Amino acid sequence: MTLKARLWLGVVLILTFGLVFLIDRTTSTTPGPESQSAFLKGYDPGGVIGGFHDGGKPFAMPRNLEASGSDGFVTSRLTLEPKFTLAAGKDAKGLMEALRNDARASLKRNGAAILTDRDEEPGGFLLGYQDGPVRGAIAAKMSEGAGAGETKLDIKIQEMWSEAASRQKKAGKTS
């Protein structure tokens, strides 16, 4: 092979690697509103908790949403950690059942299909669902570390959005 042929081969290889790099960078999926279900965007258990909360005591509900993308998928995680004092005559079991019923109703109202509905120990629940190109789960349980007389919940919603399923839905196919 001549020197000129080797140089051209080198240039072609460099351009090929550069093109592969650019294609990889432009096809990465980035999180956005279209990659989250209406349930994840709008779910707020504050109304249910308000019915169990002792109104004279503090109430806090930190909310943390994280999302990351990869090739064709977006994962979103919402963490809610309500901390409050139960009102006299109210119990944690009743609260968890009310939260479960509220989550079920919210999922159905937003058009999601519930795939899994089961108890999780200790005293929590897990609901798995699908809403078009999004599959997700909400898990709720009582959390450790609450102060004297305080109730702390750990509510996590995790979803995975599929670009391929989204394209199928837009093309009129059902998944």
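Quick summary incoming for the structure in this document. Position numbers for residues count from 1 along each chain, tracking the sequence in the order it is written. It should be noted that, the model being predicted, local features are given only for residues of pLDDT at least 70 and side-chain atom pairs only at 80 or more, the latter also being counted only at that level, while totals for whole chains, interfaces and linings use all residues. Water and hydrogen atoms play no part in the side-chain values, which are based on all heavy atoms of the structure.

Quick word on the nonpolar core
- Phe39, Leu95, Leu99, Ile138, Leu153 and Ile157 are the most contacted members of the largest nonpolar core, which totals 23 residues.
- For this core, the secondary structure elements donating two or more residues are α2 (38-42), α3 (46-50), β2 (73-80), α4 (92-109), β5 (124-131), β6 (134-142) and β7 (150-162).
- Strands here are runs of E lasting at least two residues and helices are runs of H or I lasting at least four, both read from the DSSP assignment and numbered beginning at the N terminus. The leading source of residues in this core is α4, at 5 residues.
- Setting aside chain neighbours within four positions, we find isoleucine 157 in contact with Phe39, Leu40, Tyr43, Ser76, Arg77, Leu78, Tyr129, Ala137 and Ile138. Note on terminology: a nonpolar core comprises buried Ala, Val, Leu, Ile, Met, Phe, Trp, Tyr and Cys residues joined through side-chain atoms within 4.5 Å. Accessible area is worked out with a 1.4 Å probe on protein chains only. A residue is then buried under 20% of its type maximum, exposed over 50%, and partly exposed in between. Should any heavy atoms of two residues lie within 4.5 Å, those residues are counted as being in contact.

Concerning the pattern of salt bridges
- Only one rule defines a salt bridge in this text: a Lys or Arg side-chain nitrogen within 4 Å of an Asp or Glu carboxyl oxygen. Under the definition given, this model contains 6 salt bridges.
- Here arginine 100 and aspartate 117 are joined by a salt bridge, their closest N and O atoms 2.8 Å apart. On the criterion of sequence distance, the pair formed by arginine 100 in helix α4 and aspartate 117 in strand β4 (residues 113-120) is long-range, its members being 17 residues apart.
- Here aspartate 117 falls in the partly exposed class, since its relative accessible area comes to 36%.
- With a closest N to O distance of 3.1 Å, lysine 156 and aspartate 154 form a salt bridge.
- Given a relative accessible area of 40%, lysine 156 falls into the partly exposed group.

Considerations on the pairing of β4
- As judged from the 7 bridges shared by β4 and β5, these two strands associate in the antiparallel manner. Bridge pairing in β5 places arginine 118 opposite leucine 126.
- A loop of 3 residues connects β4 with β5, the two strands running antiparallel in sequence, and glycine 123 in this loop sits at a positive phi of about 70°. Between any two strands, at least two bridges found by DSSP are needed for them to pair.

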